[in-house]
Amino acid sequence: MKKLAVFVSGSGSNLQAIIDQIKIGEIPATISCVISNKKDAYALERARKNGIQAIYISRRDFPSSLEYEKYLVNFLKSQKIDYIVLAGFLYIFSEYFVEEFRNKIINIHPSLLPAFGGKGMYGINVHKSVLEYGMKVTGATVHFVDVVPDGGPIILQKAIYVREDDTPETLQKRVLEEIEWKIYPLAIKLLCEDKIEVVGRKVIIKDKEILKKVGIEI
Ligand code: GRF
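Here we summarise the structure given alongside this text. These figures come from a predicted structure and were not determined experimentally. (Residues numbered from 1 in each chain as written. Predicted model: local features only at pLDDT ≥ 70, side-chain atom pairs only at ≥ 80, totals over all residues. Heavy atoms only, no water.)

1. As for the packing of helix H1 (residues 13-23) against helix H6 (residues 168-192)
At a minimum axis distance of 9 Å, the contact between H1 and H6 shows a crossing angle of 50 degrees. One way to sum up the angle between H1 and H6 is to call them oblique. Relative to H6, H1 is oriented so that their crossing is right-handed. Of the residues in H6, those touching H1 at Ser 13, Asn 14, Ala 17, Ile 18 and Gln 21 are Leu 176, Glu 180, Trp 181, Tyr 184, Pro 185 and Ile 188. (Axes fitted to C-alpha atoms, helices over the stretch in contact; angles between N-to-C directions. Helix = DSSP H or I, 4+ residues; strand = E, 2+ residues; numbered from the N terminus. Parallel < 35°, antiparallel > 145°, perpendicular 65-115°, else oblique. Left-handed = near helix turned anticlockwise from the far one by under 90°. Contact = heavy atoms within 4.5 Å.)

Structure follows, in structure tokens:
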């Protein structure tokens, strides 16, 4: 059983998808804590409803980012966390934090990275930009977190077609429901089952068969 810490700032629909898969025994892990930097994040409520330790802790409570991150590192190490799962967490960790948990932090981003990633590319902005560019496909990416925002080694990606009548809102909904809620729990399952190997930028998935569950054939 692996121990996870999930970082959130918003509604936590991805957190919910992960909780649901853990509950039915698909992911061999427990969520030790859900940490939010937004007090009113609905994700905290979801954690409480599921009996998971829900913690609100903001950068603003500390004199510097380094102090904030040092506090988090100590806390996560004291809890013996195996993997840190970012699920809509609006904060960019520094090199210090990322190096403390090399290849142990993962994130999901609602586009096909490296397109539509980086500074300012979060939430509905991503989907607006995709439509403004006139993209015919979009999707989501699960990746390891390194020092470059949205730039770490890619674990899983899946695409859908953009429709001519899509709005940023319809696209956001379809990317969440058809892709994110499926590929993020699966990536976490693979990670917790030790079926992921990182070789430089290349991520090798050792169980290809299981990817078919979410419509990925490689
Ligand atoms: C998702 O679109 C995710 O890709 C991005 O932030 C959003 C979080 O949504 N990183 P939710 O809080 O999981 O509903």
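2. Examining the packing of H1 against helix H2 (residues 42-49)
Two elements in contact, H1 and H2, have axes separated by 9 Å at closest approach and are oriented at 20 degrees. With respect to H2, the element H1 is oriented roughly parallel. Our pair here, H1 against H2, has a crossing hand that is right-handed. Residue-level contacts link Ser 13, Leu 15, Gln 16 and Ile 19 of H1 to Ala 43, Arg 46 and Ala 47 of H2. When grouped by side-chain class, the residues that make up the contact of H1 with H2 number four nonpolar, two polar and one charged. (Nonpolar A, V, L, I, M, F, W, Y, C, P; charged D, E, K, R; others polar.)

3. Observations regarding the packing of aromatic side chains
Under the counting rule described, the total for this entry stands at eleven aromatic pairs. Following the ring pairs from residue to residue traces out a cluster consisting of Phe 7, Phe 62, Tyr 68, Tyr 71, Phe 89, Tyr 91, Phe 93, Phe 97 and Phe 101. (Phe/Tyr/Trp six-rings, centres within 6.5 Å; stacked < 30°, edge-to-face > 60°.)

4. Here we look at unusual backbone geometry
With an omega of 15 degrees, the peptide bond between Leu 113 and Pro 114 qualifies as cis. Mapped onto the elements, Pro 114 comes out in the loop between strand E5 (105-109) and helix H5 (124-133). Positive phi is not limited to glycine here, since Asp 150 has a value of about 60 degrees. Located in the positive-phi region is Asp 194, a residue other than glycine, with phi close to 55 degrees. Position of Asp 194 relative to the elements: it lies in the loop between H6 and strand E8 (196-199).

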